[in-house]
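A structural walkthrough
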Amino acid sequence: MRFFWWVVAPMLAGLVLLAAGLEVVPAYTAQFGTGIPGTFTATELECGGRDCVWRGDFVSDDGSVVRRGVGLAPGVEPTGVGDRVAATETGNRRNVYPRNGSADWLLITLLGTASLVVLVVWGAGVVRAIRRSVRRGSAGS
């Protein structure tokens, strides 16, 4: 259990925080409607494990941005191949977002906050352990 807390927990929390940090701007951009508006056209439903993701093509309303084979973040689901969904391009590497938003911003916020809390508590434990060690060392002198 000690190994998990001192080694595994901070590594996992750091990786989750990094992932959340990479996704937070695109997710919030979509949630608050400041991305590039366009249309997502579904070309295939890609399933792996328990999750399925619609893949397709995104074209901005003015035609200046075209992304092929991009995923559609959860929110509004196409009903079949060829369906068109109002979407927003936000700079996410893998997905565009439904124009009416997605719950991704909330999940990213919760995971990022939980990871930050774990790292702060872990850091406080490291400081306590160092202080305890220093006190023991000075008491023995």
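Each remark here, short or long, concerns the structure printed above.
Definitions and cut-offs
- Residues numbered from 1 in each chain as written.
- Predicted model: local features only at pLDDT ≥ 70, side-chain atom pairs only at ≥ 80, totals over all residues.
- Heavy atoms only, no water.
- Helix = DSSP H or I, 4+ residues; strand = E, 2+ residues; numbered from the N terminus.
- Contact = heavy atoms within 4.5 Å.
- Patch = residues over 30% accessible without salt bridge, like charges linked within 9 Å, V, L, I, M, F, W, Y side chains within 5 Å.
- Areas by Shrake-Rupley, 256 points an atom, 1.4 Å probe, with all protein chains shown as cover.
- Salt bridge = Lys/Arg side-chain N within 4 Å of Asp/Glu carboxyl O.
- Lys, Arg positive; Asp, Glu negative; His and termini not counted.
- Charge placed at Lys NZ, Arg CZ, Asp CG, Glu CD.
- Buried < 20%, exposed > 50% of the residue type's maximum accessible area, 1.4 Å probe, protein only.
- Bend = angle between axes of the 7 residues up to and from the residue.
- Core = buried A, V, L, I, M, F, W, Y, C linked by side-chain atoms within 4.5 Å.
- 1 Å grid on protein atoms, 1.4 Å probe; cavity = no way out; pocket = protein on both sides within 12 Å on 5 of 7 lines; lining within 4 Å.
- Points joined across faces, edges and corners; volume = space filled by probe spheres on them.
- Nonpolar A, V, L, I, M, F, W, Y, C, P; charged D, E, K, R; others polar.
- Pairing = 2+ DSSP bridges.
- Axes fitted to C-alpha atoms, helices over the stretch in contact; angles between N-to-C directions.

Brief notes about the overall build of the protein chain
The secondary structure content of the protein chain amounts to two helices and five strands. Overall, the protein chain shows an N-to-C arrangement of helices and strands of α-β-β-β-β-β-α. Reported as C-alpha extents along the three principal axes, the dimensions of the protein chain are approximately 75 × 30 × 20 Å. Considering only residue pairs separated by 6 or more positions, the protein chain has 58% of its internal contacts joining residues 24 or more positions apart.

Considerations on a positive patch on the surface
A cluster of basic side chains, namely Arg2, Arg128, Arg131, Arg132, Arg135 and Arg136, defines a positive patch on the protein surface. The leading source of residues in the positive patch is helix H2 (residues 104-139), at five residues. On the secondary structure map, arginine 128 appears in helix H2.

Describing the pattern of salt bridges
Applying the stated criterion to the full structure yields six salt bridges. Across the salt bridge formed by glutamate 46 and arginine 55, the nearest N and O atoms sit 3.4 Å from each other. When its relative accessible area of 38% is taken as the criterion, glutamate 46 is described as partly exposed. The residue aspartate 61 makes a salt bridge to arginine 99 at a minimum N-O spacing of 3.7 Å. One end of the pair, aspartate 61, is in the loop between strand E2 (51-60) and strand E3 (66-72); the other, arginine 99, is in the loop between strand E5 (95-98) and H2, and 38 residues separate them in sequence. A single network of salt bridges, built from pairs that share partners, joins Glu23, Arg93 and Arg94.

Side note on helix H1 (residues 2-31)
Each full turn of the α-helix corresponds to 3.6 residues, which orients residues three or four apart in the same direction. The sharpest bend along H1 comes to roughly 40°, located at glutamate 23, with the proline proline 26 sitting one to four residues further on. One or two positions beyond H1, positive phi appears at glycine 33, with a value near 65°.

Section: the nonpolar core
Grouped together as the largest cluster of nonpolar side chains are ten residues: Phe40, Ala42, Trp54, Phe58, Val65, Val70, Leu72, Val85, Ala87 and Val96. Look past the residues within four positions of valine 70 in its chain and what remains in contact with it is Phe40, Trp54, Arg55, Gly56, Phe58, Arg94, Asn95 and Val96.

Observations concerning the layout of surface pockets
Rolled over the atoms, a probe with the dimensions of a water molecule shows which regions are left empty. By volume, the largest pocket amounts to about 430 Å³. Forming the boundary of the largest pocket are 21 residues, of which Glu23, Pro74, Arg94, Asn95 and Asp104 lie nearest the centre. At the level of secondary structure, the elements contributing two or more residues to the lining of the largest pocket comprise H1, E2, E5 and H2. With five residues, the single largest contributor to the lining of the largest pocket is E2. Grouping the amino acids of the lining of the largest pocket by side-chain chemistry returns 13 nonpolar, two polar and six charged.

Thoughts on the side chain of glutamate 23
Along the polypeptide, glutamate 23 turns up in helix H1. Glutamate 23 gets classed as buried once you look at its relative accessible area, which sits at 11%. The contact partners of glutamate 23, leaving out residues within four places of it in the chain, are Asn92, Arg93, Arg94, Tyr97 and Ile108.

Thoughts on the sheet that holds strand E1 (residues 36-48)
Strands sit in the order E1-E2-E3-E5-E4 around a closed barrel of five strands; the barrel is mixed. Pairwise comparison of adjacent strand axes, ignoring direction, gives a mean angle of 50° for this sheet. Relative to E5, E3 is paired through two bridges, and the arrangement is parallel. Residue pairing in the sheet places glycine 71 in a bridge with asparagine 95 of E5.

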